[in-house]
Amino acid sequence: MKHFVLKTLINAAAIWVAAWLVKGITLSRGSFGKQALTVVAVALIFGVVNWLIKPLVKFFSFPLFILTLGLITFVINALMLWLTSFASDRLKLDFHVEGFLPALFGSLIISLVAWGLHLAIDDKD
C-alpha cells in the first residue's frame, strides 16, 4: 500500500510539473488545495489508465515496437496522457490536454520527473 501511495504522489508531482511547463496542458486555477486534490485525482486516473489500457495497447502494437526500435513508446505514453485528460473531463476534473503535441511533450516530462523522483526517493518496502 505504501508503494502505491508513493507512486501516486510521484505521478501527481510529475503531472503538476508537466502542467506548469507545457503550454496546452491546463490544471485548475483554484487554490493550492484544490489544485493538489485535482492533481492527485488525475494521478489516480493516470495510474488506472496505465495499468488497464497500456498493456493492451503495447500488446497489439508489438510489431511497431520492433519496427521503430521502441520509439512508439513515446506515442503510446502521449495517448495514455490524452486518454487521462478525456477521463478527467468526463469526471469534471479541471485537467485538460489540448492536443497530441502537448500530450507528447507532457508525457516526456512526466516520465523524466517521475524517473528522477523514483531515483531520489528510496521506495523499498
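This text goes with the structure placed above it.
Residues numbered from 1 in each chain as written. Predicted model: local features only at pLDDT ≥ 70, side-chain atom pairs only at ≥ 80, totals over all residues. Heavy atoms only, no water.

*Asks:* Could you clarify how one ought to interpret the layout of surface pockets in this entry?
*Replies:* Empty pockets left among the atoms are what a rolling probe the size of a water molecule brings to light. The computed volume of the largest pocket comes to approximately 360 Å³. Lining the largest pocket we find 16 residues, and of these K7, N11, F46, G47 and N50 sit closest to its centre. Where the lining of the largest pocket is concerned, the elements lending two or more residues are α1 (2-21), α2 (32-52) and α6 (100-120). Sort the elements by how many residues they give to the lining of the largest pocket and α2 lands first, with seven residues. Residues that form the lining of the largest pocket fall into these classes: eight nonpolar, seven polar and one charged. (1 Å grid on protein atoms, 1.4 Å probe; cavity = no way out; pocket = protein on both sides within 12 Å on 5 of 7 lines; lining within 4 Å. Points joined across faces, edges and corners; volume = space filled by probe spheres on them. Helix = DSSP H or I, 4+ residues; strand = E, 2+ residues; numbered from the N terminus. Nonpolar A, V, L, I, M, F, W, Y, C, P; charged D, E, K, R; others polar.)

*Asks:* Any chance you could explain the environment of F95 here in plain terms?
*Replies:* Structurally, the position occupied by F95 is in strand β2 (residues 95-97). Here the alpha-carbon distance between F95 and M80, two residues 15 residues apart in the chain, equals 14 Å. Once residues lying within four places of it in the same chain are set aside, the contact partners of F95 are I15, I25, T26, L27, V42, L81, S85, S88 and D89. (Contact = heavy atoms within 4.5 Å.)

*Asks:* Explain the environment of F100 to me, please; I cannot follow it from the model alone.
*Replies:* Tracing the backbone through its elements, the reader meets F100 in helix α6. Considered as a pair, F100 and V75 are 25 residues apart in the sequence and their alpha carbons are 8.9 Å apart. For F100, the contacting residues outside a window of four places in its chain are V75, A78, L79 and W82.

*Asks:* Quick question: what am I supposed to make of the packing of α2 against helix α5 (residues 72-90) here?
*Replies:* When two helices pack together, their arrangement is captured by the angle between the axes and the distance separating the axes. Orientation of α2 relative to α5, taken along the N-to-C sense of each, is 125 degrees, at an axis distance of 9 Å. Taken together, the axis directions place α2 and α5 in an arrangement best described as oblique. Classified by chirality, the crossing of α5 by α2 is right-handed. Contacts from V42, I45, F46, V49 and N50 in α2 reach M80, L81, L83, T84, A87 and S88 in α5. Tallied by class, the residues present in the contact of α2 with α5 amount to eight nonpolar, three polar and no charged. (Axes fitted to C-alpha atoms, helices over the stretch in contact; angles between N-to-C directions. Parallel < 35°, antiparallel > 145°, perpendicular 65-115°, else oblique. Left-handed = near helix turned anticlockwise from the far one by under 90°.)

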